[in-house]
Amino acid sequence: MAKKFYVVWQGVKPGIYTSWAQAKAQIDGQKAAQYMGFDSEAAAKKAFAAPYTLALKQRNQKATVKPAQVNQVTSSTPKSQHPIAIYCDGACSPNPGKAGTGIAIYQQQQLSDLWYGLYDEHGTNNSAELLGLLMAFRIAKTFVDRNLTVEVLSDSRYSIDCITKWAEGWQKKGWTRGKGEEIKNLALIKECFNSYKSLKHAIAISYVKGHANIEGNELADRMAVLARNSKQIELVPYKDSLDIQTILAMHSG
């Protein structure tokens, strides 16, 4: 895996960090944190020498990839052109702590809707991601009922694996892990799994790399952070203009 470099312009200690864990420690709990990942040390140093707003503008100019064009996505089914793509994401700061969930919906590769909410004062990254997957399934059903196929995309391998790999085995063991170990987020996992079973004939679930300038994932991330910062409990539609560059300039998680 290629090494990443993380620039923190505003946080506990601004600087360049060589791991996400180091960078995350500088921004957790910082409402006005400014940070970004880069593929090379030279790019990180160049960005750190300039204002965050310039780096954000340059990144946003590159964030034009549409769902069906993303090479980083690996699907659980053979690649196909799905008329509907639903990106889901969760944000939590600190972890555990204040959490929110965001959704971005594309129809025929065009952004059609954004949703945000499900604020939880005592959430976790994993619970927020599972809620995102659950909401994506519920939205997917409205399209499946119209005989449309749907791709659900998440940057949480944990959430995807819970539903597509582990849940069936856990269910057979009476919803326990090996040696009777407790399963965290069990109620959410059960609900997600039941929804998935009823939809699996018409949906694909794909993993998409987070913080990689993939438009749908980035927009879902902004909605998750908006939900967390605004403490929006109900999942509601984003009613401002769907201007992609403006939304990408919002706080990220």
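Residues numbered from 1 in each chain as written. Predicted model: local features only at pLDDT ≥ 70, side-chain atom pairs only at ≥ 80, totals over all residues. Heavy atoms only, no water.

Our focus in this paragraph is the packing of helix α4 (residues 125–144) against helix α6 (residues 186–199). Look at α4 against α6: their axes get within 10 Å of each other, and the N-to-C directions meet at 25 degrees. In terms of orientation, α4 and α6 fall into the roughly parallel class. By crossing handedness, the relation of α4 to α6 is classed as left-handed. Residues Ser127, Leu130, Leu131, Leu133, Leu134, Phe137, Arg138, Lys141 and Val144 of α4 touch α6, and the partners they reach there are Leu188, Ile189, Glu191, Cys192, Ser195, Tyr196 and Leu199. Classifying every residue of the contact of α4 with α6 by side-chain character gives eleven nonpolar, two polar and three charged. (Axes fitted to C-alpha atoms, helices over the stretch in contact; angles between N-to-C directions. Helix = DSSP H or I, 4+ residues; strand = E, 2+ residues; numbered from the N terminus. Parallel < 35°, antiparallel > 145°, perpendicular 65-115°, else oblique. Left-handed = near helix turned anticlockwise from the far one by under 90°. Contact = heavy atoms within 4.5 Å. Nonpolar A, V, L, I, M, F, W, Y, C, P; charged D, E, K, R; others polar.)

Once that is clear, we can look at unusual backbone geometry. Of note, the amide linkage connecting Ser93 to Pro94 takes the cis form, showing an omega dihedral of -10 degrees. Take Pro94: it is sitting in the loop between β5 (84–93) and β6 (97–107). Each neighbour pair has its own omega, and for Asn95 with Pro96 the value is 0 degrees, a cis peptide bond. The topology assignment puts Pro96 in the loop between β5 and β6. The phi torsion at Trp175 lies on the positive side, around 55 degrees, for a residue other than glycine. Its location among the elements puts Trp175 in the loop between α5 (157–172) and α6.

Before going further, it helps to spend a moment on the environment of Cys192. Looking at the secondary structure, you find Cys192 in helix α6. Residues Cys192 and Cys162 lie 30 residues apart in sequence; the distance between their C-alpha atoms is 9.1 Å. With near-sequence residues (within four places) excluded, Cys192 lies in contact with Leu130, Leu133, Leu134, Phe137 and Ile163.

Applying the stated criterion across every chain, the model contains eight aromatic pairs. Between Tyr87 and Tyr106, the aromatic rings sit 5.7 Å apart at their centres with planes inclined by 65 degrees, giving edge-to-face as the arrangement. In this pair, Tyr87 is assigned in strand β5 and Tyr106 in strand β6, connecting sequence segments 19 residues apart. Across the pair, Tyr106 and Tyr87 agree in class, each one buried. Ring plane angle 70 degrees and centroid distance 6.4 Å describe the contact between Tyr116 and Tyr238, whose orientation is recorded as edge-to-face. (Phe/Tyr/Trp six-rings, centres within 6.5 Å; stacked < 30°, edge-to-face > 60°. Buried < 20%, exposed > 50% of the residue type's maximum accessible area, 1.4 Å probe, protein only.)

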